[in-house]
Amino acid sequence: DAGFARLEESPDGTGPGAREPGAAMAAVADRLLRAVPDDRHFSLIQTELEIHAVRDPDTSRPFLEADATFRARIADFLERGLRLLGRELVVDVEDATDAVVAIVERSTRRALLAGDPGDPYALARVMLPVLMAAASRPRPCAGGLGEPPDPLVPLPAVPGAGVR
C-alpha cells in the first residue's frame, strides 16, 4: 500500500516515527481520512442506515456486515500504521477503532452543521494523532529490552514492594 510505503521510507532505516512522531502520526491519520468519503450525501445515507439498523437489525444485516468489514479494515490500518511507527495499542483494537470512527463522523457532521465548505476533517486532523498517541505506547525492542518508559505514564506498582 502506497500510504504505508511512504511511512516506511527513511534514509537511515529508522523510520519517520523515530524522528518526528507527531508528523508521522498525522500522516497515518491523513491516510486513514483519505479512505473515508467526506461528502454530505454519504454522511446522510450512513446516518439513515445506522438509525434503521438500530430500529430493525434483522433487515439491516447487509449494512451491518458492510460496517463490520469497514471497521475491520480501519482496525487493521490502525494497527499496521502504529506498528510502522514502532508503537502498539494499549487499548482493545475495537475500542480504538470505535473512537477513530466516532471522531471522523463527528468531524464531518460538525462541518456539515456549520455549513462549512472547507475541510470536513478539520477536527479529525487534530484529534486522530492525539488519540493514536494516547492509545498507544512504544513497542518493545526486538532484543527483549523495552523502550524507556514514558515519563508521563505512571509505572505499575511492584507486588510486594515496600512490604517487609
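Small disclaimer: the values here were computed from a predicted structure and weren't measured.

Asker: Before we go on, may I ask you to explain helix α5 (residues 61-84) in this structure?
Answerer: Each α-helix turn comprises 3.6 residues. Residues three or four places apart therefore point the same way. With 24 residues, α5 ought to run about 34 Å at 1.5 Å a step, and its terminal C-alpha atoms sit 34 Å apart, in line with that. Among all positions in α5, only F63, D67, I74, A75, F77, L78, G81 and L82 are buried. G86, located one to two residues past α5, shows a positive phi value of around 75 degrees.

Asker: Explain the packing of helix α6 (residues 93-114) against helix α7 (residues 122-134) here, please?
Answerer: In contact at an axis separation of 8 Å, α6 and α7 are set at 160 degrees when each is read in the N-to-C sense. Judged on the interaxial angle alone, α7 and α6 are roughly antiparallel. Considering how the two elements wind past one another, α6 and α7 form a crossing that is right-handed. Of the residues in α7, those touching α6 at A96, A99, V100, I103, V104, R106, S107 and R110 are A122, L123, A124, M127, L128 and L131. A class-by-class count of the residues in the contact of α6 with α7 yields eleven nonpolar, one polar and two charged.

Asker: Explain the packing of helix α4 (residues 40-55) against α5 here, please?
Answerer: Between two packed helices, what matters for the description is the angle formed by their axes and the separation of those axes. At a minimum axis separation of 10 Å, α4 and α5 run at an interaxial angle of 120 degrees. Both α4 and α5 take part in a crossing whose hand is left-handed. Counted together, Q46, L49, E50 and A53 of α4 and F63, L64 and D67 of α5 form the full contact between these two elements. Counted by class, the contact of α4 with α5 contains four nonpolar, one polar and two charged residues.

Asker: Help me understand α6, please; the structure alone is not making it clear to me.
Answerer: Taking 1.5 Å per residue, 22 residues should reach 32 Å; α6 reaches 32 Å between its end C-alpha atoms and fits that length. All of the buried residues along α6 are A96, T97, V100, V101, I103, V104, S107, T108 and A111. Along the axis of α6, the buried residues cluster in a sector spanning 155 degrees; they form a single face. Exposed residues on α6 whose side chains face more than 90 degrees from its buried face are E94, L113 and A114. Where α6 begins, one side-chain oxygen reaches toward the backbone nitrogen of E94, 2.9 Å away; that side chain belongs to D92. Directly after α6, the chain includes G115, whose backbone phi takes a positive value near 70 degrees.

Asker: What am I meant to see in a nonpolar patch on the surface here?
Answerer: A contiguous nonpolar patch, built from V126, M127 and V130 and spanning about 250 Å² of accessible area, is present on the exposed surface. Mapped onto the elements, V130 comes out in helix α7.

The rules behind these values
- Residues numbered from 1 in each chain as written.
- Predicted model: local features only at pLDDT ≥ 70, side-chain atom pairs only at ≥ 80, totals over all residues.
- Heavy atoms only, no water.
- Helix = DSSP H or I, 4+ residues; strand = E, 2+ residues; numbered from the N terminus.
- Expected span 1.5 Å × (residues − 1).
- Buried < 20%, exposed > 50% of the residue type's maximum accessible area, 1.4 Å probe, protein only.
- Axes fitted to C-alpha atoms, helices over the stretch in contact; angles between N-to-C directions.
- Parallel < 35°, antiparallel > 145°, perpendicular 65-115°, else oblique.
- Left-handed = near helix turned anticlockwise from the far one by under 90°.
- Contact = heavy atoms within 4.5 Å.
- Nonpolar A, V, L, I, M, F, W, Y, C, P; charged D, E, K, R; others polar.
- Arc of directions from axis to C-beta.
- Polar contact = N/O pair within 3.5 Å; in protein donor to acceptor, adjacent residues only side chain to side chain.
- Patch = residues over 30% accessible without salt bridge, like charges linked within 9 Å, V, L, I, M, F, W, Y side chains within 5 Å.
- Areas by Shrake-Rupley, 256 points an atom, 1.4 Å probe, with all protein chains shown as cover.
- Salt bridge = Lys/Arg side-chain N within 4 Å of Asp/Glu carboxyl O.

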